[in-house]
Amino acid sequence: MNHPTLPEPARRRHVRLAVLGTSAVLLGGLAFAPVAFSYAAPPKHPAAEVHKPSPVPDRVILTPTTTPATSQKVTWRAEATAEFAQAEILAAPRALGQVAPPAGAVTKVQAQASTPVNTTLGYASTYHTVEFTGLKPATRYTYRVGDGTNWSEWHDFTTAAGKFEPFSFIYYGDAQNYIDSAVPRVFRNAFADRPQAKMIVNAGDLINSANSEEEWGQWYKAAGFIDSQINNLSIPGNHEYSGGLSSFWRPQFPYPDNGPGNPELKQTVYYIDYQGVRFIGLDSNHQGNAALMAAQTAWLEKVLKDNPNKWTVVTFHHPVYSTTGTRNNPQVRDQWGPLLEKYGVDLVLQGHDHSYGRGNLVSARKSITVHNGVAYVVSVSGGKMYALNNGENWTGNGAEVRSSSQNTQLYQLIDVAGDQIRFEARYANGEHHDGFLIRKNARGERTVNELRTPENTVGEQVTVDKTEASRWDKVTATAYGYDPGERVRVHLRETRGKEAVAQHGGHGRDGVPLGEARADELGRLSYTFRMPPWVRRGSTHLVYLSSENQKITSPLITVTR
Ligand SMILES: [Fe+2]
Ligand SMILES: [Fe+2]
């Protein structure tokens with residue numbers, strides 16, 4: 001091989017590598033041609049080149065306003081001056097390109113903010129924000145951003161409905177690390193599973209170094225066009241702070257200024273009402289600052305108390321119950337925990353611990369598969385992992401873990417309906433990890449039900465109000481986990497030990513039929529009966545509840561006389 005352009009030392013190195021390459025191929029038994037190893041590794045392409053801005057827009061991202069049915073904010077990055085930064089919007093047309101929109105169909109909107117952020121890569125990234133107003137609810141629009149000459153491609157989004165409508169949203173724990181390698185598939189697989197999602201919730205630590213232009217560039221590339229058509233609702237983690245809030249935060253995330261009013265909490269503490277769900281974002285990075293914690297706690301109570309929405313989702317970074325190591329957030333737990341329970345928050349979405357944990361207060365437990373309290377979740381979307389510690393921070397503080405996972409990247413799909421929220425966590429490869437259904441009735445009563453599996457729909461799950469009874473005594477059996485209105489057959493089964501014995505009146509192994517009942521709208525069942533006159537003193541019986549979805553039994557009832 002002849003490389004006349006290589007200087008002398010490089011040519012010598014090249015020959016040595018070629019020899020090494022050959023031996024590696026023989027040892028490894030791989031079918032690579034030795035020539036593949038014969039050049040020095042190419043240099044890393046400089047981040048300043050990968051991420052440098054141009055007049056062509058990139059990093060296009062939607063953030064919600066307080067009136068998402070009639071207005072929408074979009075932010076992008078481009079080398080453009082404030083006077084030229086602008087957007088165009090029109091009702092989503094059937095075609096563009098060769099087909100010009102009808103005269104007057106396109107509205108031009110001037111940027112309301114253009115903020116240069118000095119970056120670590122030697123240039124400024126300038127973020128521009130446009131707010132579209134006067135939009136129609138539940139309507140698809142098409143927009144582009146630019147400077148009047150250099151435009152983005154056209155993007156579509158749909159405004160929120162003006163009232164409750166079912167919708168889906170996505171939630172991520174910390175992306176933070178391996179954003180350019182391991183994170184993109186998580187974001188894209190989540191989008192593939194819920195392409196019509198209306199919101200993406202990030203519970204902090206989106207990136208690792210608060211002011212790293214390279215990492216923010218990677219974060220936007222990971223989601224690609226997804227952020228240009230789905231609203232992003234993020235709150236900061238500790239990694240968005242470095243001597244203060246990241247200088248990127250407010251220019252790129254112009255969230256509503258409806259928080260407690262402290263300048264430090266502007267656009268990190270806010271709420272959005274979206275189609276019947278109140279999303280509340282808090283900044284848990286101020287646990288060492290009593291004033292900023294107190295301000296958030298008072299504000300949280302106000303926005304929970306005065307909440308017309310059926311559903312409430314709260315997100316912040318540091319978990320009420322930690323999944324990892326010796327971590328502990330007593331300020332968050334003591335100040336916010338009681339309010340989350342008191343006002344019946346449905347989902348608390350958190351990050352920080354780089355593992356997965358989901359659970360509830362023990363006092364809310366109703367059965368093996370059901371509780372009626374707040375569902376607390378910790379998750380991670382990025383590639384940095386911490387080990388679980390047997391849920392000690394949960395059990396040590398009156399809570400219990402119902403599902404956990406370590407060394408897994410996850411995304412969460414949340415489907416909101418009128419009478420239920422379905423939550424599912426999936427691994428990076430799309431496989432199911434965990435899930436539950438929150439049901440809520442018109443009185444605000446709630447059950448949080450594990451998704452059914454062959455294992456959790458059998459066994460001893462019925463409770464009875466007495467385990468000793470005489471003939472004619474009233475016994476009430478209670479069970480959970482049904483579909484609303486599910487029909488349930490009630491049997492009294494005589495047993496020896498736990499085994500069924502020959503049943504009174506020649507009935508089969510199920511037992512003697514006592515009657516039928518229906519689960520209520522939350523999947524709860526309560527059935528009261530009298531112990532029949534034919535039961536013998538000293539005999540043992542159990543209540544067997546049989547339905548389409550569950551076949552479950554009670555503890556033994558011993559007949560006393
Ligand atoms: Fe983190
Ligand atoms: Fe963190």
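In this text the structure is predicted, and so the values were computed from the model without any measurement.

(A) Just the packing of helix H3 (residues 183-193) against helix H4 (residues 213-223), in detail. Packing of H3 against H4 brings their axes to within 8 Å, and their N-to-C directions diverge by 35°. As H3 runs across H4, the sense of the crossing is right-handed. In this structure, H3 contributes Val-183, Pro-184, Phe-187 and Arg-188 to the contact, and H4 contributes Trp-219, Lys-221, Ala-222 and Ala-223. Broken down by class, the residue content of the contact of H3 with H4 amounts to 6 nonpolar, no polar and 2 charged.

(B) Just the sheet that holds strand E8 (residues 155-158), in detail. The 4 strands are arranged E4-E3-E7-E8 in an open sheet whose pairing can be described as antiparallel. Looking at which strands have only one partner, the edges of the open sheet turn out to be strand E4 (107-110) and E8. Direction aside, neighbouring strands of the sheet carry axes that sit 30° apart on average. In this structure, strand E3 (residues 86-91) lies alongside E4, joined through 4 bridges in antiparallel fashion. Residue pairing in the sheet places Gln-86 in a bridge with Gln-110 of E4.

(C) Structural context of the pattern of salt bridges. Summed over the entire model, instances satisfying the criterion amount to 31 salt bridges. One salt bridge connects Arg-327 with Asp-353, and the closest N-O pair in it is separated by 3.1 Å. Of this pair, Arg-327 sits in the loop between strand E14 (311-315) and helix H7 (330-335) while Asp-353 sits in the loop between strand E15 (347-350) and strand E16 (356-361), and the two are 26 residues apart along the sequence. As a salt-bridge pair, Glu-445 and Arg-443 come within 2.7 Å of each other at their nearest N and O atoms. Given the relative accessible area of 29%, Glu-445 is considered partly exposed. By sharing partners, the salt bridges in this structure join Asp-58, Arg-59, Arg-77 and Glu-213 into a single network.

(D) Representation of the nonpolar core. Ranked by internal contacts, the top residues of the largest apolar core, which has 63 residues, are Phe-169, Trp-219, Phe-253, Phe-279, Leu-347, Leu-349 and Phe-423. Other than its neighbours up to four places away in sequence, Trp-219 contacts Ile-61, Ile-179, Phe-187, Asn-202, Leu-206, Ile-207, Asp-227, Asn-232 and Phe-253. Leu-265, Leu-282, Val-303 and Val-320 belong to the second largest nonpolar core, which has 25 residues in total.

(E) View of the packing of aromatic side chains. If you walk through the whole model with that rule in mind, you get 25 aromatic pairs. Where Phe-253 meets Tyr-255, the ring centres are 5.7 Å apart and the plane angle is 20°; that geometry is what we call stacked. As far as the burial class goes, Phe-253 and Tyr-255 line up, both buried. Here the aromatic cluster, defined as three or more aromatic residues joined through ring pairs, consists of Tyr-127, Trp-216, Trp-219, Tyr-220, Phe-248, Trp-249, Phe-253, Tyr-255 and Tyr-270. Note that Arg-144 overlies the ring of Trp-151, its terminal NZ or CZ placed 4.2 Å from the centroid. We note Arg-493 situated over the ring of Tyr-544; from NZ or CZ to the ring centre the distance is 4.5 Å.

(F) Quick peek at the coordination of the iron ion (ligand 1). Every protein donor of the iron ion (ligand 1) is accounted for by Asp-174 (OD), Gln-176 (OE1), Asp-205 (OD) and His-354 (NE2), and the metal-donor separations fall at 2.1 to 2.2 Å. Note that the iron ion (ligand 1) binds 4 donor atoms; their angles at the metal cover 86 to 176°, and the shape is irregular. The distance between the iron ion (ligand 1) and the iron ion (ligand 2) comes to 3.2 Å, with Asp-205 serving as a donor to both metals. Taken together, the residues span a long stretch of sequence, with Asp-205 in the loop between strand E10 (199-202) and H4 and His-354 in the loop between E15 and E16 at a distance of 149 residues. For the pair shown, Asp-205 and His-354 are each scored as buried.

(G) Broad picture of the coordination of the iron ion (ligand 2). Donor atoms from the polypeptide that coordinate the iron ion (ligand 2) comprise Asp-205 (OD), Asn-238 (OD1), His-317 (NE2) and His-352 (ND1), at 2.1 to 2.2 Å from the metal. Coordination geometry of the iron ion (ligand 2): the 4 donor atoms subtend angles of 88 to 163° at the metal centre, consistent with an arrangement described as irregular. Linear spacing of the donor residues for the iron ion (ligand 2) on their chain is D-x32-N-x78-H-x34-H. Taking the relative accessible area as the measure of exposure, Asp-205 reaches 1% and is therefore buried.

(H) Structural detail: helix H6 (residues 290-305). Taking 1.5 Å as the rise per residue, H6 with 16 residues should run 22 Å; its terminal C-alpha atoms sit 22 Å apart, in good agreement. The set of residues buried in H6 consists of Leu-292, Met-293, Ala-295, Gln-296, Thr-297, Trp-299, Leu-300, Val-303 and Leu-304. Residues of H6 that are buried sit in contact with strand E12 (270-274), strand E13 (277-281), E14, H7 and helix H8 (337-342).

(I) Quick look at the environment of Trp-249. Inspection of the secondary structure assignment puts Trp-249 in helix H5 (residues 249-252). Here the alpha-carbon distance between Trp-249 and Asn-329, two residues 80 residues apart in the chain, equals 24 Å. Setting aside residues no more than four positions away along its own chain, Trp-249 makes contact with Ser-234, Ile-235, Pro-236, Glu-240, Tyr-255, Gln-267 and Thr-268.

(J) Structural detail: unusual backbone geometry. Although it is not a glycine, Arg-59 adopts a positive phi angle of roughly 50°. Mapped onto the fold, Arg-59 is located in strand E1 (residues 58-63). Within the chain, Asn-390 stands out as a residue other than glycine whose phi angle is a positive 60°. Relative to the helices and strands, Asn-390 is located in the loop between strand E18 (375-378) and helix H9 (392-395). Accessibility expressed as a relative area gives 72% for Asn-390, which makes it exposed.

(K) Highlighting the side chain of Thr-119. Among the structural elements, Thr-119 can be located in the loop between strand E5 (113-118) and strand E6 (124-132). By relative accessible area, which is 13% here, Thr-119 ends up buried. A distance of 3.1 Å separates the side chain of Thr-119 from the backbone nitrogen of Leu-121, its partner in a polar contact. Here the side chain of Thr-119 touches Tyr-123 through a polar contact of 2.6 Å, landing on its backbone oxygen. Residue contacts for Thr-119: discarding those within four places in its chain leaves Ala-124, Ser-125, Glu-213 and Phe-248.

What counts as what
- Positions within a chain are numbered from 1, following the residues in the order the chain's sequence is written.
- Following the order in which they are written, the chains are lettered starting with A and the ligands numbered starting with 1.
- Given that the model is predicted, a residue must reach a pLDDT of at least 70 before its local features are reported, and side-chain atom pairs must reach 80 or more before they are shown or counted; all residues, however, enter totals for whole chains, interfaces and linings.
- For side-chain calculations, the full set of non-hydrogen atoms in the structure is used, while hydrogens and water are omitted.
- For every element, the axis is a line fit to its C-alpha atoms; helices are fit only across the contacting stretch, and the angle between N-to-C directions ranges from 0 to 180 degrees.
- Starting at the N terminus, helices and strands are each numbered in turn, a helix being any DSSP run of H or I of at least four residues and a strand any DSSP run of E of at least two.
- Crossing handedness is read from the near helix: turned anticlockwise from the far helix by less than a right angle, it gives a left-handed crossing, and turned clockwise, a right-handed one.
- Contact between two residues is taken to exist if any of their heavy atoms lie within 4.5 Å; hydrogens are not considered.
- Gly is placed with the polar residues, together with every amino acid not listed as nonpolar (Ala, Val, Leu, Ile, Met, Phe, Trp, Tyr, Cys and Pro) or charged (Asp, Glu, Lys and Arg).
- Any two strands with at least two DSSP-identified bridges between them are counted as paired.
- Here a salt bridge means any side-chain nitrogen of Lys or Arg lying within 4 Å of a carboxyl oxygen belonging to Asp or Glu.
- The buried label applies to any residue whose accessible area, calculated with a 1.4 Å probe on protein chains only, is under 20% of its type's maximum; exposed applies above 50%, and partly exposed to all values in between.
- The term nonpolar core refers to a set of buried residues drawn from Ala, Val, Leu, Ile, Met, Phe, Trp, Tyr and Cys, joined through side-chain atoms within 4.5 Å.
- Ring pairs are drawn from Phe, Tyr and Trp, using the six-membered ring of Trp, whenever the two centres fall within 6.5 Å, and their geometry is named by plane angle: stacked under 30 degrees, edge-to-face over 60, tilted for the rest.
- By the criterion adopted, a ring carries a charge over it if an Arg CZ or a Lys NZ lies within 6 Å of its centre and within 35 degrees of its normal.
- Atoms are scored as donors when they are N, O or S and lie within 2.8 Å of the metal, with 3.2 Å used for Na, K and Ca; no water is included, so coordination may look incomplete.
- The geometry test gives tetrahedral to four donors whose angles all lie between 85 and 135 degrees, gives square planar to four donors and octahedral to six donors whose opposite members are over 155 degrees apart with all other angles between 65 and 115, and gives irregular to the rest.
- Under the convention used throughout, the expected extent of a helix is 1.5 Å for every residue step, that is, one less than its residue count.
- Any pair of nitrogen or oxygen atoms within 3.5 Å is treated as a polar contact; in protein, a donor-acceptor pairing is required on top of that, and neighbouring residues in sequence qualify only through side-chain atoms on both sides.

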